[in-house]
Amino acid sequence: MKKTLLATALLATACAAHAQAPLMVYGNIDLGLIKRDGAALNIGKRDHNRLGVKGTGELGAGIKALFQLEIGYEPDTGTRATGANEGRPGSGQRPLFQGQSWVGLKGGLGVVRIGRGLSAFQETSMAFEPWHGLPTPAGFQTDIMVAGFTSGPLGAPGSSADRLSDAVFYHSPEWNGLQLNATVAARESPPGGLAVPPLYPSGAQASANPFSLSTTYKNGPLAGMLAVERNGVESEVYSIGASIDITRMVPGLKLMASYIRQDHSHTAPPGFDSARAWVLGANWAMGAGTLLAGYGQKSPEGVARTRQLSLGYEYSLSRRTQLYFDASRRRAAAPAAAATRVNHFALGVNHAF
Amino acid sequence: MKKTLLATALLATACAAHAQAPLMVYGNIDLGLIKRDGAALNIGKRDHNRLGVKGTGELGAGIKALFQLEIGYEPDTGTRATGANEGRPGSGQRPLFQGQSWVGLKGGLGVVRIGRGLSAFQETSMAFEPWHGLPTPAGFQTDIMVAGFTSGPLGAPGSSADRLSDAVFYHSPEWNGLQLNATVAARESPPGGLAVPPLYPSGAQASANPFSLSTTYKNGPLAGMLAVERNGVESEVYSIGASIDITRMVPGLKLMASYIRQDHSHTAPPGFDSARAWVLGANWAMGAGTLLAGYGQKSPEGVARTRQLSLGYEYSLSRRTQLYFDASRRRAAAPAAAATRVNHFALGVNHAF
Amino acid sequence: MKKTLLATALLATACAAHAQAPLMVYGNIDLGLIKRDGAALNIGKRDHNRLGVKGTGELGAGIKALFQLEIGYEPDTGTRATGANEGRPGSGQRPLFQGQSWVGLKGGLGVVRIGRGLSAFQETSMAFEPWHGLPTPAGFQTDIMVAGFTSGPLGAPGSSADRLSDAVFYHSPEWNGLQLNATVAARESPPGGLAVPPLYPSGAQASANPFSLSTTYKNGPLAGMLAVERNGVESEVYSIGASIDITRMVPGLKLMASYIRQDHSHTAPPGFDSARAWVLGANWAMGAGTLLAGYGQKSPEGVARTRQLSLGYEYSLSRRTQLYFDASRRRAAAPAAAATRVNHFALGVNHAF
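What you see is a predicted model; the values in this text were computed from it and never measured.

(A) Region of the structure containing the interface of chain A and chain B. Each partner contributes residues to the interface: chain A has 29 residues there, and chain B has 27 residues. Carbon and sulfur atoms make up 75% of the surface buried where chain A meets chain B, a total of about 2,200 Å² over both sides. Applying the counting rule to chain A against chain B returns zero salt bridges. Linking chain A to chain B there are six residue pairs in polar contact (both at pLDDT 80 or more). Residue assignment for the side of chain A that touches chain B shows that the elements contributing at least two residues are β1 (23–36), β3 (49–60), β4 (63–74), β6 (100–107), β7 (110–118) and β8 (163–171) of chain A. Of the residues contributing to the side of chain A that touches chain B, the split by class is 18 nonpolar, five polar and six charged.

Structural data, given as structure tokens:
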């Protein structure tokens, strides 16, 4: 999920460089040793694991056709990606091309795509989280920032929490550092869809078209983001994020912060229908290594607040191969129950191909 | 399903051109907006979506080894191909290599393959239908021509209606425009197989070897086809098709017609054991665009007749990328019930890679 | 399963040859006609069928990153690999990357990998069996040598009998013909795991870390192997194998023998808790062909002994394409019941790409 909109935009350029090879097979594999309180030493992932094909085709007049198909998988067991690792409901196996599957056109007015992919909000927000949006429990994206919110809540079990199927995606060109991203999905009832009481029986279609909007701004060392998303059960998120590269004061240091507010008033009872979360973080590049640090908390209304502190280190053995180490402590301060504390350690390797 | 026998034959030639690359990754992605009476605006496919590998290997003495493995998928949701879109029983997810999976030898006496693929009849007949055999409801192949007939009726739910597993395929060379194609399948009981009452319990093996024979003939602007197929429950189809390219009278215009007769007397009661269908169509190439038109009807014995009228337009943005628009009306004239009428509109893009 | 440790080690070298292509798509397809007593003529495989990607990346200082992802499939029906063909419990569909999925580092001290793959014992032992460890009933690996033993017994149904998930693999360099291989797996409970009464409910974690150790030795025409493995339910195997290439006496002839002892005393009642098996075999290369011959028997304690005699012939049409013929007779001499005898014939083709 490190892939930013910029990367998406650069894809066409990269592929155009080998015009004779309109198709590229790519992917990554990430595995490590994981030790969590209360569990034996496990072997698992830090990043999503992907195997995909992507490519471009020249259409003339500065227009290109683009496509991307991406399998998500679990290399420790060889299965397709499962939902279990994200700590949210739906632990079934995900679709074959769980990562993304879309075709689009790119021209002077931006990129328009049709198919399945990350929603505009989910894709944009990862750049303002110190673990690059990785699904590891040491990161803040999955279990702190968007905890409790699902972009496609009516999908089949395991149908991924941050993606929209049956959608149209638009990404504007950058105007003076400003970029606009919009996703709108059809209301069609997803195959094998989940029930979301009290309003949505299993297989129901969305009561309104899901959409996701985000805008990003870059100006020298500064970057910012504003986003809003409404999913198929009319839950809403509002989010703001910012980062500053203070490399002139401290070489290699970048600071970031983000805030999110969720509104589930369409389906949840009053007193339990909202949530908010915030994260502060830093990435400090030092030679081939980068130090990661973050602190954040989520406060679902009527439920215990969760706080998390994480430290990490990434070391690049080459442009494609990286070692990493994460240490994280999460504490749920339950008002009525005893506070629970979980420590998490991971040491592993991520190889891109 | 545009792939014709000719294309299969040309594959070896194409691959031989890069002798250092005996393996080719290929595919296509097709998505569009679909509006049907009685349903919200959906996003879906017009063509099958494929991702595959294929290749050849030189064996000397003019003999080549060939193979092909083809994943079928649904790009709107990222899943493997499902059976639902074809309007026939069995909506389960299809096999991973649903499209085809075979290995074969090609020499002066033709091509012999072993594995899974389109039956000789199904593969040949698509060239005589104005929508090239595409599975879209605007086309005539799936829901008019072969409606109610399944090449592999004893397969698992969703195991594809037009393919034979556990089969041997033969394609003769062309003699003066004449080509012979034959498919014979083993009687083995398919894994997870369906019950077909009253004679076939779930997992039963075929009562006779399924086979499929077709012969095609080409002579200048004329082309014709004769085919017969018997599936694993001894249902039979007989089909004839013809096309004429009258580009000398009307530049770019090609007319076509096909007729099919089904016989289900082995499993269905008298009065409900046969069906017939016919389709008239035209493809009119004009520059980068092609206009498609067709009219057809199916008449299952003892059941309401269905008539369909379709118009379509395909526009090639490049050799690989095509935009399309379809408009179709289907009417089922139920004798006892009220006639039902469904309009279908689709606008989308198909990119081959 | 022909892949030996040597082949694994050579992979890096092979890929390094095209430094611009760090990723290689590869695979094989194997299909033939199979006739067994008591069954109709079937179409099926002799070898495993694979489609994978693999590659290397230079890290400097003589270190390389390696990875491999391998789909297992059934080309007769197009599905993912199923467990049924191995005659052991668990006939479900296997993981998508059933063959292997791992990432590793290779340097002067050997290769260390993390992920899923063949256990050290299973990988090493195949070189001492006359059918190269192929899963065909004509071979001896699956149904004679390791019959009744599963490397990952707590895995989901169909999760492959000879592989370890969540494991770390080490392969030493060769010292004077000696090589050491070790696999250690995490105790974590596998998703969808099986129950193994009386001690392991479904989804239980291993009571001890599974491990597998093997050592191989090569000295001119001689090769040998010693191995021990303990799986997740603390069943153990001990195995010894040897081969000698007597090409100087009989050109092209290689003889081999292997013996295995299984100990299931942790889960099975006394009198039924052990098994042993042995196989004698020969491979006789003659020009483009190789004659295979083998005889072996398995003797599970308290159960009928099974004996098997097999003859086979492999003929290479090219470096990548092979025809084969197998004939085999297996006889189970049940003490109380009548002896059962099954003849097996197969004729097919295996194409690597």
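(B) Main features of the pattern of salt bridges. Counted under the stated rule, the structure contains 21 salt bridges over all chains. In this structure, K64 of chain B and E58 of chain B form a salt bridge, with 3.6 Å as the shortest nitrogen-oxygen distance. Through salt bridges with shared partners, one network takes in R46, E314 and D326 of chain A.

(C) Up close: the relation of the copies chain A and chain B. Structural alignment of chain A on chain B gives an RMSD of 0.0 Å, achieved by rotating through 120° and translating 0.0 Å along the axis. Seen this way, the second copy is the image of the first under a three-fold rotation axis.

(D) Seen up close, a positive patch on the surface. Residue and element names in this part refer to chain A. The grouping of R261, R276, R305, R307, R329, R331 and R341 at the surface amounts to a positive patch. Elements with a contribution of two residues or more to the positive patch: β16 (305–316) and β17 (321–333). You can see R341 is positioned in strand β18 (residues 340–352).

(E) Highlighting the relation of the copies chain A and chain C. Mapping chain A onto chain C leaves a residual RMSD of 0.0 Å; the transformation is a rotation of 120° accompanied by 0.0 Å of translation along its axis. A low fraction, 4%, of the interface residues of chain A reappear at the interface in chain C, so the copies pair through non-equivalent surfaces.

(F) Examining the environment of S243 of chain B more closely. Residue and element names in this part refer to chain B. Structurally, the position occupied by S243 is in strand β12 (residues 236–245). S243 gets classed as buried once you look at its relative accessible area, which sits at 6%. On a C-alpha basis, the gap between S243 and K254 in space is 7.0 Å, while along the polypeptide they are eleven residues apart. Once residues within four sequence positions are removed from consideration, S243 is found in contact with F128, P221, L222, A223, K254, L255 and M256.

(G) Region of the structure containing the interface of chain A and chain C. With 27 residues of chain A at the contact, the number on the chain C side is 27 residues. Area buried by chain A at its contact with chain C is led by I43, T77 and F353 of chain A, which between them contribute 22% of it. Counting every contact that joins chain A to chain C gives zero salt bridges. Between the two partners, chain A and chain C, sit six residue pairs in polar contact (both at pLDDT 80 or more). At the level of secondary structure, the elements contributing two or more residues to the side of chain A that touches chain C comprise β1, β2 (42–44), β4, β5 (79–80) and β18 of chain A. No other element matches the five residues that β1 of chain A contributes to the side of chain A that touches chain C.

(H) Summary view of a nonpolar patch on the surface. All names here are of chain A. Where nonpolar side chains cluster on the molecular surface, the patch consists of L33, L41, W284, M286, L291, Y313, Y315, L323, F325, F345 and L347 and spans about 920 Å² of accessible area. Breaking the nonpolar patch down by element, the ones donating at least two residues are β14 (274–286), β16, β17 and β18. Structurally, Y313 is set in strand β16.

(I) Seen up close, empty space enclosed by the protein. One pass over the full model with this rule turns up eight cavities of 30 Å³ or more. Counted as a void, the largest cavity has a volume near 300 Å³. Along its surface, the largest cavity is lined by 21 residues, and L51 and V53 of chain A, L51 and V53 of chain B together with L51 of chain C are the ones closest to its centre. Among the secondary structure elements, those contributing two or more residues to the lining of the largest cavity are β3 and β4 of chain A, β3 (49–60) and β4 (63–74) of chain B together with β3 (49–60) and β4 (63–74) of chain C. Class assignment of the residues belonging to the lining of the largest cavity gives a composition of 18 nonpolar, three polar and no charged.

(J) Layout of the environment of S318 of chain A. Along the chain, the position of S318 of chain A falls in the loop between β16 and β17. As for S318 of chain A and F97 of chain A, which are separated by 221 residues in sequence, their C-alpha atoms are 28 Å apart. Each residue touching S318 of chain A, except ones within four places of it in the same chain, is listed here: E58 and L59 of chain C. Polar side-chain contacts of S318 of chain A include one of 3.1 Å to the backbone nitrogen of R320 of chain A. A distance of 3.1 Å separates a polar side-chain atom of S318 of chain A from the backbone nitrogen of T321 of chain A.

(K) Structural context of the pairing of β4 of chain C. Residues and elements named next belong to chain C. Among the twelve residues of β4, eleven are classified as buried, and the element is accordingly described as predominantly covered. Taken together, the eleven bridges between β3 and β4 define a ladder with antiparallel strand orientation. Looking at the pairing, V53 lines up with L69 of β4. Counted between consecutive antiparallel strands, the loop separating β3 from β4 contains two residues, among which A61 sits at a positive phi close to 55°. Here β4 runs beside strand β5 (residues 79–80); their pairing, made up of two bridges, is antiparallel. From the neighbouring strand, E74 faces β5, where its bridge partner is T79.

(L) Representation of unusual backbone geometry within the structure. Of note, the amide linkage connecting P197 of chain A to P198 of chain A takes the cis form, showing an omega dihedral of 0°. Structurally, the position occupied by P198 of chain A is in the loop between β9 (178–185) and β10 (211–219). Not every positive phi belongs to a glycine, and D166 of chain A is a case in point at roughly 50°. Residue placement: D166 of chain A occurs in strand β8. Phi is positive for H132 of chain C, which is not a glycine, with a value near 55°.

(M) Spatial organisation of the confidence of the model for chain A. All names here are of chain A. When pLDDT is averaged along chain A, the result is 89, and 90% of the positions lie at 70 or above. Residue range residues 1–20 is modelled with pLDDT below 50. Its contacts to residues more than four positions away, or to other chains, number 40 contacts. Within the model, pLDDT remains below 50 along residues 84–91, and this stretch shows 24 contacts once partners closer than five positions in the same chain are excluded.

(N) Just the environment of M256 of chain C, in detail. Residue and element names in this part refer to chain C. Along the polypeptide, M256 turns up in strand β13 (residues 253–263). Each C-alpha atom, one on M256 and one on L31, is 27 Å from the other, the two residues being 225 residues apart in sequence. Setting aside anything within four residues of it in sequence, one finds M256 in contact with A127, F128, E129, P130, A242, S243, V279, L280, G281 and N283.

(O) Layout of the nonpolar core. Residues L51 and L69 of chain A, L69 of chain B together with L69 of chain C are the most contacted members of the largest nonpolar core, which totals 52 residues. Discounting residues that sit within four places of it in the chain, L51 of chain A has contacts with V25, Y26, G27, L69, E70, I71, Y73 and F353 of chain A together with V53, L69 and F97 of chain C.

(P) Inspection of the packing of aromatic side chains at higher detail. Per the counting criterion, the structure on display carries twelve aromatic pairs over all chains. With 5.8 Å between their ring centres and 55° between their planes, W278 of chain B and Y295 of chain B make a pair best called tilted. Of this pair, W278 of chain B sits in strand β14 (residues 274–286) while Y295 of chain B sits in strand β15 (residues 289–300), and the two are 17 residues apart along the sequence. Take W278 of chain B: its relative accessible area is 27%, and that puts it in the partly exposed class. Judged by its relative accessible area of 29%, Y295 of chain B is partly exposed. The residue whose ring lies beneath R46 of chain B is Y324 of chain B, and the NZ or CZ to ring-centre distance is 4.7 Å. Sitting over the face of the ring of Y26 of chain C, K54 of chain C holds its NZ or CZ atom 4.4 Å from the ring centroid.

What counts and what doesn't
- Residues numbered from 1 in each chain as written.
- Chains lettered and ligands numbered in written order.
- Predicted model: local features only at pLDDT ≥ 70, side-chain atom pairs only at ≥ 80, totals over all residues.
- Heavy atoms only, no water.
- Contact = heavy atoms within 4.5 Å.
- Buried area = accessible area lost by both parts, 1.4 Å probe.
- Salt bridge = Lys/Arg side-chain N within 4 Å of Asp/Glu carboxyl O.
- Polar contact = N/O pair within 3.5 Å; in protein donor to acceptor, adjacent residues only side chain to side chain.
- Helix = DSSP H or I, 4+ residues; strand = E, 2+ residues; numbered from the N terminus.
- Nonpolar A, V, L, I, M, F, W, Y, C, P; charged D, E, K, R; others polar.
- Least-squares fit on C-alpha atoms with pLDDT ≥ 70 in both.
- Patch = residues over 30% accessible without salt bridge, like charges linked within 9 Å, V, L, I, M, F, W, Y side chains within 5 Å.
- Areas by Shrake-Rupley, 256 points an atom, 1.4 Å probe, with all protein chains shown as cover.
- Lys, Arg positive; Asp, Glu negative; His and termini not counted.
- Charge placed at Lys NZ, Arg CZ, Asp CG, Glu CD.
- Buried < 20%, exposed > 50% of the residue type's maximum accessible area, 1.4 Å probe, protein only.
- 1 Å grid on protein atoms, 1.4 Å probe; cavity = no way out; pocket = protein on both sides within 12 Å on 5 of 7 lines; lining within 4 Å.
- Points joined across faces, edges and corners; volume = space filled by probe spheres on them.
- Pairing = 2+ DSSP bridges.
- pLDDT = per-residue confidence, 0-100.
- Core = buried A, V, L, I, M, F, W, Y, C linked by side-chain atoms within 4.5 Å.
- Phe/Tyr/Trp six-rings, centres within 6.5 Å; stacked < 30°, edge-to-face > 60°.
- Lys NZ or Arg CZ within 6 Å of the ring centre and 35° of its normal.

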